Amino acid sequence: MADTVQDMETDGAKIDEALYSRQLYVLGHEAMRKMMASSVLIVGLRGLGVEIAKNVVLGGVKSVTLYDPAPATLADLSAQFFLREEDVGKRRATATAPRLAELNQYVPVAELEGDLTADAIASFGIVVVTGAPLGEATRINEACRKSGGRFILADTYGLFGGLFCDFGAAFEVVDADGEEPVSGMLTSVSQDEEGIVTMHDETRHGLSDGDHVCFTEVQGMTELNGSGSRPIKVLGPFSFSIGDTSGYGAYTSGGYMHQVKQKQAVSFLPLPQALAAPDFLVSDFAKFERPMQLHLGFQALDAYRAAHGQLPPPSDAAAAAEVLTRARELPGAVESLGAAGSPEAEASERLLRNLASGARGELAPMCAIFGGMAAQEVMKAASGKFMPLKQWLYFDAEECLPDDGKEALPPAETAPRGSRYDSQAAALGWSTQEKLGSLRYLLVGAGAIGGEM
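Read on for a plain summary of the structure. (Residues numbered from 1 in each chain as written. Predicted model: local features only at pLDDT ≥ 70, side-chain atom pairs only at ≥ 80, totals over all residues. Heavy atoms only, no water.)

1. Some remarks on the overall build of the chain
Consideration 1: A count of helices and strands for the chain gives 16 helices and 19 strands.
Consideration 2: C-alpha extents for the chain along the principal axes are approximately 80 × 65 × 50 Å.
Consideration 3: By residue count, 49% of the 453 residues in the chain fall in the buried class.
Consideration 4: In the chain, once contacts between residues fewer than 6 apart in sequence are set aside, the share between residues at least 24 apart is 68%. (Helix = DSSP H or I, 4+ residues; strand = E, 2+ residues; numbered from the N terminus. Buried < 20%, exposed > 50% of the residue type's maximum accessible area, 1.4 Å probe, protein only. Contact = heavy atoms within 4.5 Å.)

2. Considering the pattern of salt bridges
A side chain of one charge can pair with a side chain of the opposite charge if their charged atoms are brought near each other.
Consideration 1: On inspection of all chains with the given rule, the structure shows 25 salt bridges.
Consideration 2: Taking the shortest distance from any N to any O, the salt bridge between D68 and R92 comes out at 3.2 Å. One end of the pair, D68, is in the loop between β4 (63-67) and α4 (92-101); the other, R92, is in helix α4, with 24 residues separating them in the sequence. We note that D68, like R92, is buried.
Consideration 3: One salt bridge in this structure joins D177 and K261, with 2.9 Å as the shortest N-O distance. In this pair, D177 is assigned in the loop between β9 (171-173) and β10 (183-189) and K261 in the loop between β16 (256-260) and β17 (264-266), connecting sequence segments 84 residues apart.
Consideration 4: One network of salt bridges, with partners in common, ties together K287, R290, R350, D396, E398 and E399. (Salt bridge = Lys/Arg side-chain N within 4 Å of Asp/Glu carboxyl O.)

3. Here's the deal with empty space enclosed by the protein
Consideration 1: Scanning all chains against the criterion turns up 3 cavities of 30 Å³ or more.
Consideration 2: Of the voids in this model, the largest cavity is the one considered here, and its volume is about 170 Å³.
Consideration 3: Along the wall of the largest cavity there are 16 residues; nearest its centre are L134, L153, D155, F298 and W392.
Consideration 4: Counting residues per element, the ones that place at least two in the lining of the largest cavity are β7 (150-157), β8 (160-166), α8 (290-308) and β19 (392-396).
Consideration 5: Looking at the lining of the largest cavity element by element, the count peaks at 5 residues for α8.
Consideration 6: Here the residues of the lining of the largest cavity sort into 10 nonpolar, 3 polar and 3 charged. (1 Å grid on protein atoms, 1.4 Å probe; cavity = no way out; pocket = protein on both sides within 12 Å on 5 of 7 lines; lining within 4 Å. Points joined across faces, edges and corners; volume = space filled by probe spheres on them. Nonpolar A, V, L, I, M, F, W, Y, C, P; charged D, E, K, R; others polar.)

4. Re the side chain of N104
Consideration 1: Tracing the sequence through the fold places N104 in the loop between α4 and β5 (109-111).
Consideration 2: Separated by 3.0 Å, the side chain of N104 and the backbone oxygen of V57 make a polar contact.
Consideration 3: Apart from residues no more than four positions distant in its own chain, N104 is found in contact with L19, Y20, V57, L58 and G60. (Polar contact = N/O pair within 3.5 Å; in protein donor to acceptor, adjacent residues only side chain to side chain.)

By themselves these figures say nothing about function.
Structural data, given as structure tokens:
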């Protein structure tokens, strides 16, 4: 190893501080050690799956195993950056694994051959599933639940994407926000049933209701010193209450408050229950109604695939109508999609039509967005640092369609041409694809962000 590489060995785990320096600033050594003890299985190696795998390998987990026995197609090349034309017909995982392994010498990358059995799933601490039917995803989720593994489901359909997490019935979060604990100087503490602590008038305490604090160097009310942590209730930017202090000595001067981070137990629902009773993280407050609409739409797409063996063809009006019909048969459809003939129904019909039309499409930017978020959830699952997604997130970029998707793209605009860009054109249309092909960009800076672009 080069002399410039500085290693740190703690508790048997060796951390290359030169390689992981920026990540260590965010996660810290303890979280990094937990990641280095985590084995990850990634199911599905199209554009989204390989984006997740790339991020997880660079993140420095113990090992990454790939599962995707399907043969690569020419259309895969639009977003799967590790596949080449000569790989068409080969197993996606077989072609991808050696190139993925080159990203990080510390992370072994292997292919899982044979069937994806419950025993095979149980050997991994974290399982990420992409591109699988809901029935198969549910089977994998159940196997993870039985073995104590963490489960992540991610999918993109053209300009639409979704993410789901299930980390079990009692997942422990050791640090919800990753921020350094705050401290501050006191100016007074009252003797009351709800003792009020006032901070120095130039120091906002930066606390939230339910945070825990402890005290040191308090004069007069010495009972606070070394008394352990206690929850607080925020009264203002410079004051908070700490419970009964009426029996303590009178505060005279000095003292410091120190925030004490508390572990949190977070409970997740398994996939079947979470489908029926979804808990959303809203990604765009300008589209507040979208999460439930897309939740229904994604389930309707899955039902269409189960019935026909494939996703809806691009620009197929009959297929889009069937997806809409299937969505309206799901619980909560009337409230979310609107009653027939209403303005709300017209908007949701347009949305689900565009979702169905672009379902076979795969766009590198959408894969990058959801690949980054899914990989972050892998890091949270491995380390217990930062609050995980609970439990669904949907995002769309429908505005990228011509005229914001108000009119359906004609079949000639989305028909496959035997090109590596067929998947992109299935979502955006060939006119847009040809405009993209005529652009010339100068990219200044080729670090992490530049490389991602």
